[in-house]
Amino acid sequence: MTVRVPAKVNLQLSVGPIRDDGFHDLVNVFHAVSLFDEVTASESDRVEVVCDHADVPLGDDNLAVRAAHALAPGRGVRLEIVKNIPIAGGMAGGSADAAAALVACNALWNLGRTTEELMEIGGTLGSDVPFALLGGTAVGTGKGEHLTPVETSGVYHWVFALADGGLSTPKVYGECDRIREATGEQVVWPTLSESLTKALADGNAEALGASLVNDLQPAAIMLRRSLHRTLDEGRELGALGALVSGSGPTCAFLAESEMHARELVVSLRGSGVCRDAVTAHGPVPGAAIV
Ligand code: ATP
C-alpha cells in the first residue's frame, strides 16, 4: 500500500501572541505543492520504519511510526519512506509522512476510517498533519489545526531553494519571541489577509506574490543570515514573490510561469546561494494512495 503526500508552503503565516499553553495563535494559509514523499505500508508483526535518507529518525520519534501507533495501538506495520521533502526545511515533511502513514495503514488494516477521522487523529500528532491529508489551499487557525479550504483558481509555479542543514521549528518560534520582546513590537491578533484571498480567488500570481507573508522570516534569517542573500537573489531574478517557507531554511519563490520557474532554478543553482533548487506547482491534493 503506497501513499504519495505533498509538501506545503505557507502563503501567509501570521503569528499572534503566545497563549497560556505556550503555543501561538496563528493564521496559517497552507498551500500543497508537488514535492512528494512516498510511504509504503506492508504487513509486519511490529512497527518498523526504513528510509532512504540518513537524517530521518527510525525509532518511535519518527512521526510516521507515531501515526501508526495512534491509529491502532499494538498493531504491526513496516513503513518504507522515500524522502523528497527537505528534512527540517519548513515544508512539513515529517507531518506529511505521518499523514501518509495514516492513509496507508487505514487501507492496509481495512479500518474504514474517514478522512475527517484521520484528520482528527492527525491533529493529535502535530498541527501540520491534518493539512497534509486535505491538500489544496486552506487556512488553519488556532495552532493551525482548524482548517477551512480557500478558493483558488489557476496553477502557481514555485521554485524552492534548498539549504544545507535544517532549522528547528521551536527554536525559530523562540527567536521570533525574543526579537519581539527586544524590539517591543506590539503583537496583534492575526487575521486572514484579504489581498491574499482575493489574489488566490482571481488566480492573479502577481498579486499573490505581493501578498505573501511570513512572520517567522526575520527569526529564520537571524538564525541563518545567508537566507537574506538567497531571498535577494530570487527577487533580482524576477520572482513575483520571495519568502522563507514556514520556519525555514527552505526559501520559496513564486515564478511567472512554468518556463520562468525553470529559468529561476538554473540561475539559483549557478548563483551559489543555495544547496540546490527545484520547481513545483500548487495547489495539489493531499495524501492519496497511488
Ligand atoms: P514544519 O514545517 O512542520 O515545522 P519541518 O519541515 O521544518 O517541519 P520536518 O522535516 O518535519 O521539519 O522534521 C523536523 C524533525 O522531525 C526532523 O529533524 C526529524 O528529527 C523529525 N522527524 C520525525 N519524523 C520524521 C520524518 N518522517 N521525516 C522527517 N523528519 C522527521
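Keep in mind that this is a model prediction, so the values were computed, not measured.

Here we take up the overall build of the protein chain. Within the protein chain, the secondary structure is distributed over 10 helices and 12 strands. Compactness check: the protein chain gives a C-alpha radius of gyration of 18 Å against a globular reference of 19 Å for 290 residues, within 12% of the reference. Seen through its principal axes, the protein chain has C-alpha atoms that stretch 55 × 45 × 35 Å. Per-residue burial for the protein chain yields a buried fraction of 52% across its 290 residues.

Counted according to the given criterion, the structure contains 13 salt bridges. Asp276 is the partner of Arg269 in a salt bridge, and the nearest nitrogen-oxygen pair spans 2.8 Å.

Here the focus is the site of the ligand. As a matter of local geometry, the ligand sits amid 20 residues, with Ala88, Ala92, Gly94, Asp128 and Thr169 nearest to it. Backbone polar atom of Leu63 to a nitrogen atom of the ligand: 3.0 Å apart, as the coordinates give it. For the ligand, a nitrogen atom lies 2.9 Å from a polar atom in the side chain of Asp97. Among the elements that make up the shell around the ligand, the one with the highest residue count is helix α2 (residues 93–108) (3 residues). Looking at the shell around the ligand, its residues break down into 8 nonpolar, 7 polar and 5 charged.

Quick look at the domain arrangement of the protein chain now. Each domain of the protein chain was delimited in the assignment, giving domain 1 (2–150) and domain 2 (156–282). Each of domain 1 and domain 2 has a C-alpha centre, and the two are 22 Å apart. Between domain 1 and domain 2, the residue contacts involve 30 residues of the former and 38 residues of the latter. Ranking the residues of domain 1 by area buried against domain 2 places Leu11, Leu13 and Val15 at the top, with a combined share of 22%. The tally of links between domain 1 and domain 2 comes to 0 salt bridges. If you list the elements that add at least two residues to the side of domain 1 that touches domain 2, you get β1 (2–18), β2 (24–42) and β5 (137–142). Here the residues of the side of domain 1 that touches domain 2 are counted per class, giving 18 nonpolar, 10 polar and 2 charged.

Reading across from one edge, β9-β10-β7-β11 is the order of the 4 strands in this open sheet, with antiparallel pairing throughout. The open sheet is flanked by β9 (241–244) and β11 (276–282), the only strands paired with a single partner. For this sheet the average axis-to-axis angle between neighbouring strands, irrespective of direction, equals 25 degrees. In terms of strand pairing, strand β7 (residues 156–162) meets β11 through 7 bridges, oriented antiparallel. Considered in β11, the bridge of Tyr156 is made with Gly282. Set on the sheet, helix α10 (residues 258–271) makes contact with β7, β10 (251–255) and β11; between it and β11 the angle comes to about 165 degrees.

Right, let's talk about the side chain of Asn10 for a bit. Tracing the chain through its elements places Asn10 in strand β1. Relative accessible area serves as the criterion here: at 1%, Asn10 is assigned to the buried category. Among the polar contacts made by the side chain of Asn10, one reaches the side chain of Asn28 at a distance of 2.4 Å. Side-chain polar atoms of Asn10 contact the backbone nitrogen of Gly246, separated by 3.4 Å. Each residue touching Asn10, except ones within four places of it in the same chain, is listed here: Asn28, Val29, Phe30, Gly90, Leu243, Ser245 and Gly246.

Let's shift gears to the packing of aromatic side chains. A complete count under the given rule lists 2 aromatic pairs for this structure. On the numbers, 4.8 Å between centres and 15 degrees between planes, the contact of Phe30 with Phe131 is stacked. Taken together, the residues span a long stretch of sequence, with Phe30 in strand β2 and Phe131 in helix α4 (residues 129–134) at a distance of 101 residues. Exposure remark for Phe30: the relative accessible area of 0% places this residue in the buried category. Classification of Phe131 by relative accessible area gives buried; the value is 2%. Judged by centre distance (6.3 Å) and plane angle (20 degrees), the rings of Trp158 and Phe160 are stacked. Side by side, Trp158 and Phe160 carry an identical accessibility label, which is buried. Across from the ring centre of Phe36, 3.8 Å away, lies the NZ or CZ of Arg4, which sits over that ring.

Now for the nonpolar core. Residues Leu11, Val77, Leu79, Leu102, Trp158, Phe160 and Leu208 are the most contacted members of the largest nonpolar core, which totals 66 residues. Each of domain 1 (2–150) and domain 2 (156–282) gives at least three residues to this core. Setting aside chain neighbours within four positions, we find Leu79 in contact with Val39, Thr40, Ala41, Glu48, Val49, Val50, Ala64, Val65, Ala68, Ala101 and Cys105. Ranked by size, the runner-up nonpolar core spans 29 residues in total, among them Ile179, Leu216, Ile221 and Val265.

Criteria and cut-off values
- Residues numbered from 1 in each chain as written.
- Predicted model: local features only at pLDDT ≥ 70, side-chain atom pairs only at ≥ 80, totals over all residues.
- Heavy atoms only, no water.
- Helix = DSSP H or I, 4+ residues; strand = E, 2+ residues; numbered from the N terminus.
- Rg over C-alpha atoms; globule rule 2.2 N^0.38 Å.
- Buried < 20%, exposed > 50% of the residue type's maximum accessible area, 1.4 Å probe, protein only.
- Salt bridge = Lys/Arg side-chain N within 4 Å of Asp/Glu carboxyl O.
- Near = heavy atom within 4 Å.
- Polar contact = N/O pair within 3.5 Å; in protein donor to acceptor, adjacent residues only side chain to side chain.
- Nonpolar A, V, L, I, M, F, W, Y, C, P; charged D, E, K, R; others polar.
- Domains from an automatic or database assignment.
- Contact = heavy atoms within 4.5 Å.
- Buried area = accessible area lost by both parts, 1.4 Å probe.
- Pairing = 2+ DSSP bridges.
- Axes fitted to C-alpha atoms, helices over the stretch in contact; angles between N-to-C directions.
- Phe/Tyr/Trp six-rings, centres within 6.5 Å; stacked < 30°, edge-to-face > 60°.
- Lys NZ or Arg CZ within 6 Å of the ring centre and 35° of its normal.
- Core = buried A, V, L, I, M, F, W, Y, C linked by side-chain atoms within 4.5 Å.

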